[in-house]
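Single-letter residue listing:
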Amino acid sequence: MSARRTQVAIIGSGPAGLLLGHLLKAEGIDCIVLERQTREHVESRIRAGVLETVTTDLMHRLGLDERMNREAMVEDGFNLADGDMLVRIDIKALTGKTVVVYGQTELTRDLIAAAPQRELEIVFEAQDLALHDVDSDQPSVTYTKDGVVTTLACDLIAGCDGFHGPSRRAIPAHLVREYMHEYPFGWLGILADVPPCHDELIYANGPRGFALASMRSTTRSRYYIQVPLTERIEDWPEDRLWDELEGRFNGISQHGVTRGPALEMSIAPLRSYVFETMRHGRLFLAGDAAHIVPPTGAKGLNLAASDVHYLSDAIIGFYRRQDEQAMLGYQAKALSRIWKAERFSWSLTKLMHSFPDQGPFERRMQMAELDYLSRSPAMQTAIAENYVGLPV
Ligand code: FAS
Ligand code: PHB
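Residues numbered from 1 in each chain as written. Chains lettered and ligands numbered in written order. Predicted model: local features only at pLDDT ≥ 70, side-chain atom pairs only at ≥ 80, totals over all residues. Heavy atoms only, no water.

Enquirer: Quick question: what am I supposed to make of the sheet that holds strand S19 (residues 279-280) here?
Expert: The strands making up a sheet associate through hydrogen bonds between their backbones, and the pairing can be parallel or antiparallel. Read from one edge of the open sheet, six strands run S9-S3-S2-S13-S20-S19, paired in mixed fashion. Two strands bound the open sheet, and with one partner strand each, they are strand S9 (121-123) and S19. The strands touched by helix H1 (residues 15-26) within the sheet are strand S2 (8-11), strand S3 (31-34), S9 and strand S13 (156-159), with S2 carrying the most contacts at an inclination of about 160°. (Pairing = 2+ DSSP bridges. Helix = DSSP H or I, 4+ residues; strand = E, 2+ residues; numbered from the N terminus. Contact = heavy atoms within 4.5 Å. Axes fitted to C-alpha atoms, helices over the stretch in contact; angles between N-to-C directions.)

Have a look at this one:
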């Protein structure tokens, strides 16, 4: 057994936990990040691709945006397609803001690489983690590392442990308010070192459902297609997927689809989920631990960043000014932005996907909405201001 103490115990070294750890250490607040997986596993995850300014601003504030500024692709717009009709949403002209394409994988690597310089301790392979006395003023976290059980006493616990982590379970069930909506399809994704088919993202709906053409650089592409929940990776040899992507994008994209060997292929389910009890006693939830959005709106990672923006402000106020009010106000402030992002992601998912139970009428509604969007600056502005991220 070993015993340690810190001010803030952060569970999880995804974007939420890492951004929070850096922000607190930058203010001289002692914290330790506890991560179940190996560093190699964390740094190999392929997930989000589009960053809002809420995320890039935090990296800039931390002085960690040098590689991102050098390698990221700045996007002034993105495209919605219905069959062969391409509707460009000029986010820069409509909102004055842009988004950047910079993989979550790279963001995570930058944050981990910079941890030693910030003296931010990340304990990888912290197993059997448990939270204790979260509703007291002496909470703690226990975990096992290299066979040694450690009790980490702390003032506060930040549950940044994603959708499958233990933090939500530390909150008494009678206090929990949660909302779940699951979609009747998943996204099959492929990452390949081939040039993108278009200079901007294309979200396409069509008779065979949804497809997304994204990228990581001018030489690395990321594609997704909607697949039934019954599908497995084994059902999709690479050529079958490239055939499908060519059929979806060759008629509407600038460069056409280039095939190449997959660096990664995976199927992810889609759900909308909000766990409203984001604070209980000295435990605070941030990121996927508290909410999930379908990736259609490119909001997941960026919502984790806005949660951390609010939570770090509250914790800094607690230690700098003994201000408990900001901590008490965290949940309401975070939920206001979360629910608006949930709405946008849900509505864009409904517009751009083929639902198993939808009939000809619902399909015509989707086509009519995209036709209206193609002619309405007001609707394009509404889409654009949500896509670049509502103000924090
Ligand atoms: P994360 O899940 O990233 O991190 C949680 C961390 O906690 C993990 O490292 C985990 O290992 C750790 N942890 C869990 N249990 C633990 C325990 N018991 N002890 C210690 N550590 C523990 N978002 C987009 O915007 N666009 C996308 O295209 C997109 N694609 C996605 C694809 C997949 C397959 C998934 C799962 C998510 C995707 N997301 C996407 C959403 C994703 O990017 C999340 O929003 C983002 O990772 C949220 O970051 P965190 O809240 O830090 O959670
Ligand atoms: C990605 O590039 O992985 C990506 C981009 C935009 C999305 C979802 C995923 O909405």
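Moving on, there is more to tell.
Enquirer: Help me understand the site of ligand 1, please; the structure alone is not making it clear to me.
Expert: As a structural note, the neighbourhood of ligand 1 is formed by 29 residues, with Glu35, Arg45, Arg47, Gln104 and Asp288 the closest of them. Between ligand 1 and Leu301, the relevant distance is 3.2 Å, taken from an oxygen atom to a main-chain nitrogen or oxygen of the residue. Taken by itself ligand 1 offers 1000 Å² of open surface, and the protein chains cover 86% of this. At the level of elements, H1 and helix H9 (300-321) are the ones that each hand at least two residues to the shell around ligand 1. Residue composition of the shell around ligand 1, by class: 13 nonpolar, nine polar and seven charged. (Near = heavy atom within 4 Å. Polar contact = N/O pair within 3.5 Å; in protein donor to acceptor, adjacent residues only side chain to side chain. Areas by Shrake-Rupley, 256 points an atom, 1.4 Å probe, with all protein chains shown as cover. Nonpolar A, V, L, I, M, F, W, Y, C, P; charged D, E, K, R; others polar.)

Enquirer: What is the right way to read the pairing of strand S14 (residues 178-192) from this model?
Expert: Residues in a regular strand project their side chains so that they alternate between the two faces of the sheet. As paired elements, S14 and strand S18 (residues 262-275) share 12 bridges and run antiparallel to each other. Looking at S18, one finds that Ile190 is bridged to Met265. As paired elements, S14 and strand S17 (residues 221-227) share seven bridges and run antiparallel to each other. Note on S17: the bridge partner recorded for Gly186 is Val227.

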